[in-house]
Every structure is written in C-alpha cells, then in structure tokens.
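Here is what each chain is made of, one letter per residue.
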Protein chains: 2
Amino acid sequence: MVRTAVLASGTGTNLQAILDAAKSAGPFEVVLVLTDVDGCGALARSQAQGVPTEIVTWESCGGDRSLFTLSITRILQAYDVELVALAGFMRILTSEIIEAFPHAVLNTHPALLPAFRGAHAVEQALEYGVRVTGVTIHLIDEEVDHGPIVAQMAVDVLSEDNAASLRARLQEVEHQLFPQVLADWADGLYRVEGRRVIRLPAPGLSS
Amino acid sequence: MVRTAVLASGTGTNLQAILDAAKSAGPFEVVLVLTDVDGCGALARSQAQGVPTEIVTWESCGGDRSLFTLSITRILQAYDVELVALAGFMRILTSEIIEAFPHAVLNTHPALLPAFRGAHAVEQALEYGVRVTGVTIHLIDEEVDHGPIVAQMAVDVLSEDNAASLRARLQEVEHQLFPQVLADWADGLYRVEGRRVIRLPAPGLSS
C-alpha cells in the first residue's frame, strides 16, 4: 500500500473521492490530510473518517512561500509519505517539495493544459468560447500548472453552460480520474520520460 | 443550397470529405475549389468531380498578402459564394476576406485551440506531452488560429503515438467534423455572440 498524503484547502470533494477509492480498492492508503485552512470541509471529512490531519497555515509561516513549503515537506516526510495529491490545494509550492518527492506530487487542474492555466480556468474557457475542455492530472514542476501531464479527460462545453454548471461536470470527471491516476501511479504504471508520461500497458509488464 | 467555396493547398483529403458530404446530403454545394498551389492534389480531385477550380498563386500577387487576399475575395464574390471553408489552406489571409464574408469563413485546425496554434500543432502537442488533443473548427478573425470556435472534438494521444499516427487519427475526426459543421452552418444552426458560438438545438427553433 503506497502511503499517500492529500493536500486540500476547500470543501474536500476531491479528497472524498480519493478517500472512497482508497478504502474500496487501494493500492494506496491516505495516511495524512494536510490543509492550509483551519476549519475547511476537507478537515472535517478527514476527521470523520479517522484519517490523521495536519494544519499549516500561510500565516504561521509569515507568508514565506519557501518556509511554508518546507514546513509541509517535513511533515510529509515525518509521515513516511510516498505519494502526494494536491486536491484543490490553493497555495503555490516551491521546488523543495519536488526535490523531496520527485515525480510523486500530482495536481489536478480543471482544463486541458496547456490551455487555461491558473486559478480561473473554468471561467476563462467559457469566455474563450471553447467547445471542449476537460481535466488534467499532472506532476508539478517549478512553473504553475506546467509539469508533465499524466492523464487528461475531455468534457464537452454546452451552449447553455455557465461557470457553475461546467465546473460541476468537470468535478464529476475529476472525482473519477484523480483516484484512478493515484491507483495507477501506486501500481507503477507510469514512466516519466522528459515531458512525456508513458502509461505502461498492464501491471508487471514493461514496454 | 448554400453556395460554398473550399480553399486548399495540399493533397485535398479534407476537400474530398467535404465534396462527398455535399454530394450525399447537402444542404451546401461546393461551387468552387480555389488553390494557391498549381498541380496540388486538391486541384485534381476537384477536376475529377467536375467542380470549377481557380488558382491564385502567392507569386502572382508579388507576395503581397493584402493583394493575395483581395484577389481571392473577388473570385469568391464572382462565384456568389456564401460560405468559405479553409481546408488545409496554408496561407494566412488578411481582414479583407472577413469583411466580405462576415462569420462565414471557417478554418480547421488539428488541436484544441487555444492550445497549439500555428503550423506545427501536432508535433507541439506531442512534445508538450498532452494526453488529449483534438480538432477545432473556427471562424477566422484577424489573428492566426484565434477566431470564435464553432466546434471541437477530442482525440486521445496514445503513449506509442508519433506525429504521423496522431495526425492520421486527427484527420479522421476532421473529415467527419468539418463537413458536419458546414452542413449545420448552412442549416442556420449557429449564432455568434462575441467569442461564443451558440449551437441552436434544432432547425427552425430559436433558443
């Protein structure tokens, strides 16, 4: 069982999907939920399921991004974490976490990267007028929403969509895709080659 | 029947799909195929089907983009064209054609715009490592690969893909999507609202 930490800042719907998947199927277990927002929904969900939680607020690190990242990284190391899932974690982290967990920090983004990076992807996709958007799961690197892409799934934009309706359909896809990618990662099904992430055809096979 | 011109520079596989669709289903007819490349495959295909053809070479316009566009626009007007399909037309046109045919010049692009604009979209998508790319049909505007998006369809990138294999799958989709969009355009199913193109639910209904 791959020891996994989930970082979240919000209501924790992605976290819930990951917790459910870990409980029912594995091959990863959530050993820690870490948040930067005391009192957030993600915290309550974790406590309800008896998952250990930690809080590192931005303020407790004096708004120093490097110190903030280092504090989180040390906690992850103390929990012997092997895999880190950023599930609606709204702070940008520095390279210290990538160095500590190379090719093991996964983020989810509500657009088909490289289109619509940043915090307003759903609104920007609607403003641009795309007919297809989607969800990207990627490894983080030094740039925001830029690291090697592990998986993507397309979602059609409907003529009647607004940000709320489109976001809801993107989240549905995210709740399936992210736990699946974590499971496949834990099963060793991904091999990173530069920017390309090769998905191996089946467990135990090499290609 | 909406009088349609197809502009092409290459082998004409998109043109062929459009000619086939026009013949079998309408509601548009191809009244002209215009090319900038004498001797190209698109020219041969048109002549084989008895479709009128015109050639306007870049050189005949002294490499003047505005003059080149104006020459083409005048020919399109002489043929009483209502709809223009850029089907692998490899020259950039200026705004004169947009002014003459507002919201009626459609282009196809082998990526999910706004990702991977320009002439090397397939190669760039592979280099970036996306897992989903696709085809975009859009109205042209003053910027390259930028106008309002009419339709998009996603295509999965496979771990074993190279540019040739991915391009082949994109073209398959293009050959279905572009004729369908032309038919829907001819049926009056699209309404342009700024950057967003609304697809009406069914012929004759307003939404």
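Residues numbered from 1 in each chain as written. Chains lettered and ligands numbered in written order. Predicted model: local features only at pLDDT ≥ 70, side-chain atom pairs only at ≥ 80, totals over all residues. Heavy atoms only, no water.

1. Examining the interface of chain A and chain B
The partner chain B presents 28 residues to the 28 residues of chain A that form the contact. Between chain A and chain B the total buried area reaches about 2,200 Å² when both faces are included, carbon and sulfur atoms providing 54% of it. Per-residue buried area on chain A facing chain B is highest for Y128, R131 and R196 of chain A; these three make up 31% of the total on that side. At the boundary of chain A and chain B, one finds twelve residue pairs in polar contact (both at pLDDT 80 or more). Those elements giving two or more residues to the side of chain A that touches chain B turn out to be α5 (121-128), β7 (149-156) and β9 (196-199) of chain A. Of all the elements, β7 of chain A adds the most residues to the side of chain A that touches chain B, at six residues. Counted by class, the side of chain A that touches chain B contains 17 nonpolar, four polar and seven charged residues. (Contact = heavy atoms within 4.5 Å. Buried area = accessible area lost by both parts, 1.4 Å probe. Polar contact = N/O pair within 3.5 Å; in protein donor to acceptor, adjacent residues only side chain to side chain. Helix = DSSP H or I, 4+ residues; strand = E, 2+ residues; numbered from the N terminus. Nonpolar A, V, L, I, M, F, W, Y, C, P; charged D, E, K, R; others polar.)

2. Some details on helix α1 (residues 13-24) of chain B
The end-to-end C-alpha separation of α1 of chain B is 17 Å, in line with the 16 Å expected for twelve residues at 1.5 Å each. Buried residues along α1 of chain B sit in contact with β1 (2-8), β2 (28-35), α2 (41-48), β4 (83-86), β5 (105-109) and α6 (163-186) of chain B. (Expected span 1.5 Å × (residues − 1).)

3. Looking at the relation of the copies chain A and chain B
Between chain A and chain B, which share one sequence, the superposing operator has a rotation angle of 180 degrees and an axial displacement of 0.0 Å; the RMSD is 0.0 Å. The two molecules are tied by a two-fold rotation axis, judged by turn and shift. Minimal C-alpha separation from the rotation axis in chain A is found for A115 of chain A, amounting to 2.6 Å. A shared interface surface links the copies, since 100% of the contact residues of chain A are contact residues in chain B too. (Least-squares fit on C-alpha atoms with pLDDT ≥ 70 in both.)

4. Quick notes on the packing of α1 of chain B against α2 of chain B
All names here are of chain B. The contact between α1 and α2 brings their axes to 9 Å, and the two run at 20 degrees. For the element pair α1 / α2, the angle class is roughly parallel. Taken as a pair, α1 and α2 cross one another with a handedness that is right-handed. Seen from α1, the contacting residues are T13, L15, Q16 and L19; seen from α2, they are A42, R45 and S46. Split into classes, the residues belonging to the contact of α1 with α2 amount to three nonpolar, three polar and one charged. (Axes fitted to C-alpha atoms, helices over the stretch in contact; angles between N-to-C directions. Parallel < 35°, antiparallel > 145°, perpendicular 65-115°, else oblique. Left-handed = near helix turned anticlockwise from the far one by under 90°.)

5. Brief notes about the environment of V130 of chain B
Structurally, the position occupied by V130 of chain B is in the loop between α5 (121-128) and β6 (132-139). According to the relative accessible area criterion, V130 of chain B is buried, its value standing at 4%. Beyond its immediate sequence surroundings of up to four residues, V130 of chain B is in contact with L113, P114, I149 and Q152 of chain A together with F116, A125 and V157 of chain B. (Buried < 20%, exposed > 50% of the residue type's maximum accessible area, 1.4 Å probe, protein only.)

6. Observations concerning the pairing of β2 of chain B
All names here are of chain B. Counting buried positions over the eight residues of β2 gives seven, a clear majority of the element. Relative to β2, β1 runs parallel, the two being bridged by seven bridges. Residue pairing across strands places V2 opposite F28, the latter belonging to β2. As for the winding sense of the linkage, the β-α-β connection from β1 through α1 to β2 is right-handed. The pairing of β2 with strand β3 (residues 53-55) spans three bridges and is classified as parallel. (Pairing = 2+ DSSP bridges. Right-handed = clockwise from strand over helix to strand, strands pointing away.)

7. Things to note about the side chain of S159 of chain A
Within the element layout of this structure, S159 of chain A appears in the loop between β7 and α6 (163-186). At 3.3 Å, the side chain of S159 of chain A forms a polar contact with the side chain of R131 of chain A. Setting aside residues up to four positions removed in sequence, S159 of chain A forms contacts with R131 of chain A together with R196, V197, I198 and R199 of chain B.

8. Notes on the packing of aromatic side chains
The tally for this structure, following the rule as stated, stands at six aromatic pairs over all chains. Each ring, one from F116 of chain A and one from Y128 of chain A, has its centre 6.0 Å from the other, and the planes form 65 degrees; the classification is edge-to-face. Here F116 of chain A is found in the loop between β5 (105-109) and α5, whereas its partner Y128 of chain A is found in helix α5, with twelve residues between them in sequence. For Y128 of chain A, a relative accessible area of 13% translates into the label buried. With a centroid separation of 5.2 Å and 75 degrees between ring planes, the pair formed by W58 of chain B and F68 of chain B is classed as edge-to-face. One end of the pair, W58 of chain B, is in the loop between β3 and α3 (65-78); the other, F68 of chain B, is in helix α3, and ten residues separate them in sequence. (Phe/Tyr/Trp six-rings, centres within 6.5 Å; stacked < 30°, edge-to-face > 60°.)

9. Comments concerning the confidence of the model for chain A
For chain A, per-residue confidence averages 94 on the pLDDT scale, and 97% of positions sit at 70 or higher. Here the prediction assigns the complex a pTM of 0.91, and the interface score ipTM is 0.88. (pLDDT = per-residue confidence, 0-100.)

10. Brief notes about empty space enclosed by the protein
One way to see where empty space is left: roll a probe the size of a water molecule over the atoms. If you walk through the whole model with that rule in mind, you get three cavities of 30 Å³ or more. There is about 110 Å³ of room inside the largest cavity. Taken together, 17 residues line the largest cavity, and the ones lying closest to its centre are L112, L113 and A115 of chain A together with L112 and A115 of chain B. At the level of elements, β6 (132-139) of chain A together with β6 of chain B are the ones that each hand at least two residues to the lining of the largest cavity. The class makeup of the residues in the lining of the largest cavity is 14 nonpolar, three polar and no charged. One number sums up the size of the second largest cavity: a volume of about 50 Å³. (1 Å grid on protein atoms, 1.4 Å probe; cavity = no way out; pocket = protein on both sides within 12 Å on 5 of 7 lines; lining within 4 Å. Points joined across faces, edges and corners; volume = space filled by probe spheres on them.)

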